[in-house]
Amino acid sequence: MVVDGTLGAGGVTATLLEGVLPGGRVLAIDRDPAAVQRGRERFAGSARTVLVEHGDFADLAGILRHHGIDAVDAVTLDLGISSLQLDDPDRGFSFRYDGPLDMRMDPSAGGITAADIVNTWTSDELANVIATYGEERFARAVAAALVRRRSEKPLRTTTDLRECVERAIPRRYWPRRIHPATRTFQALRLEVNHELESLERGLQATITSLRPGGRLGVISFHSLEDTLVKNALHVAAQNCLCPPQQPLCTCAHRASLFLHTRKAIKADAVEIATNPRARSARLRVAEKLAVAP
Ligand SMILES: C[S@@+](CC[C@H](N)C(=O)[O-])C[C@H]1O[C@@H](n2cnc3c(N)ncnc32)[C@H](O)[C@@H]1O
């Protein structure tokens, strides 16, 4: 059994996994009901080998239990949002299209939208989330502009947000390679979907669920995700977490992973030419150790 923790709209990873595992089974998970619906249609002919499940990969342990699976041979996590989500104006993920300011990956779960955040959070809370999750140096100015704008009229659409950010950042400081609203949109999306919390829990659940020799592959798309993945895998690959000056180990932490990639793998020029969105992708691979040393 292998797990594709992020089925996505194309189901490409699940298809590849199915192809390399004749006789095996794939459990494909996505928190987005639209991706699940498309996945169920796509794999309707192989419903016995590809199980399509609606859920958050953070809840992998419960999902596996529900299917009576106690361990898996491989897990892939292709993080972030899909082109289907990004290019659908009604989902509100992109500043390129006008649409409602939503950004929820799983609208069926309720939860807050990006509009709720920009219209109700204090200026300090907004600045904090935009600085932390967007790594935006003008976070304070953007937050102040949002508060000013909503005092006249609530922000309802992606265009409202894009225009507000464009006005808040002086034109001479606009980044050259990305749109000035990119970082604010990323910050709100991460907050709305609790993406980094899910990733942290999902990685721990994955490491626990892998059988010895089983492999984990994670593709991240921005530095916050990649740093979190790198740190979690490095900790799991270490034999002791005691401070270096301590003469004897008292932590009892033992390595459960072997790292196949000390440095993340990037897409090459040929791949980027055919798929420009691969430009920011970083792949890390690790293997569950057979016996903890
Ligand atoms: C980059 S796309 C995956 C594309 C996929 N590999 C394919 O071949 O089409 C990311 C997908 O992960 C899903 N996702 C993101 N975070 C998730 C989470 N915590 N649990 C489950 N699915 C998640 C998103 O809804 C999105 O559909």
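Just so we're clear, the structure is a prediction, and the values are computed from it rather than from any experiment. (Residues numbered from 1 in each chain as written. Predicted model: local features only at pLDDT ≥ 70, side-chain atom pairs only at ≥ 80, totals over all residues. Heavy atoms only, no water.)

Visitor: Just to check I follow, could you spell out the nonpolar core for this structure?
Guide: As a rule of thumb, nonpolar side chains are buried together in soluble globular proteins. Counting 63 residues, the largest nonpolar core has Leu 146, Leu 161 and Leu 203 as its most contacted members. Lining this core are residues from two domains, each supplying at least three of them: domain 1 (2-84 + 195-288) and domain 2 (107-192). Among all residues touching Leu 203, those that are not within four sequence positions of it are Leu 77, Leu 216, Val 218, Leu 228, Val 229 and Ala 232. Val 2, Leu 7, Phe 43 and Val 50 belong to the second-largest nonpolar core, a separate cluster that totals 11 residues. (Core = buried A, V, L, I, M, F, W, Y, C linked by side-chain atoms within 4.5 Å. Buried < 20%, exposed > 50% of the residue type's maximum accessible area, 1.4 Å probe, protein only. Domains from an automatic or database assignment. Contact = heavy atoms within 4.5 Å.)

Visitor: I'm lost on the site of the ligand in this one. Help?
Guide: Val 12, Thr 13, Asp 30, Asp 78 and Gln 85 are the nearest of the 23 residues found near the ligand. Taking Gly 10, its main chain carries an N or O atom lying 3.1 Å from an oxygen atom of the ligand. Against a free-state accessible area of 610 Å², the protein chains account for coverage of 93% of the ligand. Taken together, the residues of the shell around the ligand sort by class into 7 nonpolar, 11 polar and 5 charged. (Near = heavy atom within 4 Å. Polar contact = N/O pair within 3.5 Å; in protein donor to acceptor, adjacent residues only side chain to side chain. Areas by Shrake-Rupley, 256 points an atom, 1.4 Å probe, with all protein chains shown as cover. Nonpolar A, V, L, I, M, F, W, Y, C, P; charged D, E, K, R; others polar.)

Visitor: Sorry, what's going on with the domain arrangement of the chain here?
Guide: When the parts of a complex come together, some accessible area is lost, and that lost area is often taken as the interface size. Split by domain assignment, the chain resolves into domain 1 (2-84 + 195-288) and domain 2 (107-192). Relative placement of domain 1 and domain 2: their C-alpha centres are 29 Å apart. At the junction of the two partners, domain 1 supplies 12 residues and domain 2 supplies 9 residues. Taken over both partners, the interface formed by domain 1 and domain 2 buries close to 820 Å², and the fraction arising from carbon and sulfur atoms is 52%. When residues of domain 1 are sorted by the area they lose upon contact with domain 2, Glu 195, His 222 and Leu 224 head the list and together hold 51% of the total. Connecting domain 1 to domain 2 are 1 salt bridge. The closest approach of N and O atoms between Glu 195 and Arg 189, which form a salt bridge, is 2.7 Å. Sorting the residues of the side of domain 1 that touches domain 2 by element identifies helix 10 (195-209) and helix 11 (223-236) as the ones contributing at least two each. (Buried area = accessible area lost by both parts, 1.4 Å probe. Salt bridge = Lys/Arg side-chain N within 4 Å of Asp/Glu carboxyl O. Helix = DSSP H or I, 4+ residues; strand = E, 2+ residues; numbered from the N terminus.)

Visitor: Explain the state of the cysteines to me, please; I cannot follow it from the model alone.
Guide: Formally, a disulfide is one covalent bond, and it connects the sulfur atom of one cysteine to the sulfur atom of another. Within this structure, the stated rule accounts for 0 disulfides. Of all cysteine sulfurs, the one in Cys 249 lies closest to Cys 251, which takes part in no disulfide; the gap is 3.7 Å. (Disulfide = S-S within 2.5 Å.)

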